[in-house]
Amino acid sequence: MDLYAVFGNPIGHSKSPFIHSEFAKQTGEALEYTAVQAPLDSFAAEVEVFFNGGGKGINVTVPFKEQAWQWVQQRAERAELAGAVNTIYRDSSGIYVGDNTDGKGLVTDLQVNNKVQLANKNILVLGAGGAVKGVLKPLLDCAPKQIVIANRTVSKAEGLQRKFAEFGSVRACSFADAAEHLGQGEAFDVIINGTSASLAGDVPPISGALINADTVVYDMMYSADLTAFNAWAKKQGALQLIDGLGMLVEQAAESFYLWRGVRPDTAAVMASLRAL
Ligand code: ATR
């Protein structure tokens, strides 16, 4: 039985063991997937114990994704740019490879599961922290017209603009100035909330005028009810409201694929999670 685990602190809330166990059942892959709460000061030591004990691969979650990025010996390009690693495995020569499947998870959930077009679209991303940095390259790979990054601390959005400008049109601004990057009468086609404001039930202070009846709104958070951001966007008349449950399952599917070379059926697992 091959061993996998998710490392985080805290980790009790993690849905990853459930998701990967479902994937394994579905695909007939013989694996066991557990959750490990690593002490805050000994992530690397715990990971080494896991791999030395025969572990085949791990996921990494809060607060260890940046430490994982530092620790791996080689990084996939999307992980290099994300500045964070959420998936680790060893290659055939035993080298620890770090990847980041979060952006792929978001893009797959948007384009495949929800049939949202991204090519040549105006995309507004709210937030400029780790969650946003992790998804910018895969979003830019979809060739949007532009990505406007609005953040409370504008200098952080500007830093991301500089880092990602070579991959497409990226603009940075405050929440109040986001409309300046739209043409007359335009709204954003897609708005993605990547701030952690939702954790406290807060909504970033953007104008409702950025949303029209064709706007798709995506909150990277998820909850049993509408998230605070999606509830606000609904009131503004958005076309479609999506939360981050699909992203969670799709990033897991991409990790599973990296480890096992098999693509699981994500729709079935999403339905099970919604029903929990
Ligand atoms: P994560 O890994 O979740 O991205 P992070 O790197 O701490 O966490 O980033 C949190 C993001 O949410 C930042 O963009 C932060 O804005 P600042 O850069 O100005 O700190 C944003 N954020 C957090 N709380 C917020 C709030 N109440 N309103 C608006 N933005 C908020």
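Residues numbered from 1 in each chain as written. Predicted model: local features only at pLDDT ≥ 70, side-chain atom pairs only at ≥ 80, totals over all residues.

- Per an unreviewed UniProt entry, the protein chain goes by Shikimate dehydrogenase (NADP(+)) and derives from Oleiphilus messinensis.
- Here is the UniProt Function (unreviewed entry) comment for the protein chain, exactly as written: "Involved in the biosynthesis of the chorismate, which leads to the biosynthesis of aromatic amino acids. Catalyzes the reversible NADPH linked reduction of 3-dehydroshikimate (DHSA) to yield shikimate (SA)."
- Quoted verbatim from the Subunit (unreviewed entry) field of the UniProt record, the comment on the protein chain reads "Homodimer." (UniProt positions renumbered as here; feature names shortened; annotations may be inferred.)

Re the sheet that holds strand S7 (residues 122–126)
1) Next: Judged by pairing direction, the sheet is parallel, and its six strands sit side by side in the order S9-S8-S7-S10-S11-S12 without closing on themselves. Looking at which strands have only one partner, the edges of the open sheet turn out to be strand S9 (170–173) and strand S12 (240–243). Neighbour to neighbour, the strand axes of the sheet diverge by 15 degrees on average, direction disregarded.
2) Next: Of the strand pairs in this sheet, strand S11 (residues 216–219) and S12 are connected by four bridges, and their pairing is parallel. Within S12, the position partnered with Val216 by the bridge is Gln240.
3) Next: Those strands touched by helix H8 (residues 154–164) are strand S8 (146–150) and S9, and its axis lies near 170 degrees from that of S9. (Pairing = 2+ DSSP bridges. Helix = DSSP H or I, 4+ residues; strand = E, 2+ residues; numbered from the N terminus. Axes fitted to C-alpha atoms, helices over the stretch in contact; angles between N-to-C directions. Contact = placed C-beta atoms within 7 Å.)

Brief notes about the sheet that holds strand S6 (residues 96–99)
The pairing of strands in a sheet comes from backbone hydrogen bonds and takes either a parallel or an antiparallel form.
1) Next: Read from one edge of the open sheet, six strands run S2-S1-S3-S5-S6-S4, paired in mixed fashion. Edge positions in the sheet fall to strand S2 (31–37) and strand S4 (74–75), since each of these pairs with one other strand and no more.

Overview of helix H10 (residues 245–260)
1) Next: Here H10 is 16 residues long and its end C-alpha atoms lie 22 Å apart, about the 22 Å a rise of 1.5 Å per residue gives.
2) Next: Along H10, 12 of the 16 residues are buried, which leaves the element largely enclosed by surrounding structure.
3) Next: Every buried residue of H10 is listed here: Gly246, Met247, Leu248, Val249, Glu250, Gln251, Ala252, Ala253, Glu254, Ser255, Phe256 and Trp259.
4) Next: Within two residues after H10, Gly261 carries a phi angle of roughly 70 degrees, on the positive side. (Expected span 1.5 Å × (residues − 1). Buried ≥ 20, exposed ≤ 12 C-beta atoms within 10 Å, placed from the backbone.)

Remarks on the UniProt feature "domain: Shikimate dehydrogenase substrate binding N-terminal" (unreviewed entry) in the protein chain
1) Next: With numbering matched to this structure, UniProt assigns "domain: Shikimate dehydrogenase substrate binding N-terminal" (unreviewed entry) to residues 6–88.
2) Next: Taken end to end, residues 6–88 comprises 42% helix and 22% strand; its first and last C-alpha atoms sit 10 Å apart.

A word on the packing of helix H1 (residues 16–27) against H10
1) Next: For the pair H1 and H10, interaxial distance at closest approach is 10 Å and the crossing angle is 55 degrees. When the interaxial angle is binned, H1 and H10 end up oblique. Helix-helix and strand crossings are classified by hand; for H1 and H10 the assignment is right-handed. On H10, the residues that touch Ser16, Ile19, His20 and Phe23 of H1 are Val249, Ala252, Ala253 and Phe256.
2) Next: Taken together, the residues of the contact of H1 with H10 break down into six nonpolar, two polar and no charged. (Parallel < 35°, antiparallel > 145°, perpendicular 65-115°, else oblique. Left-handed = near helix turned anticlockwise from the far one by under 90°. Nonpolar A, V, L, I, M, F, W, Y, C, P; charged D, E, K, R; others polar.)

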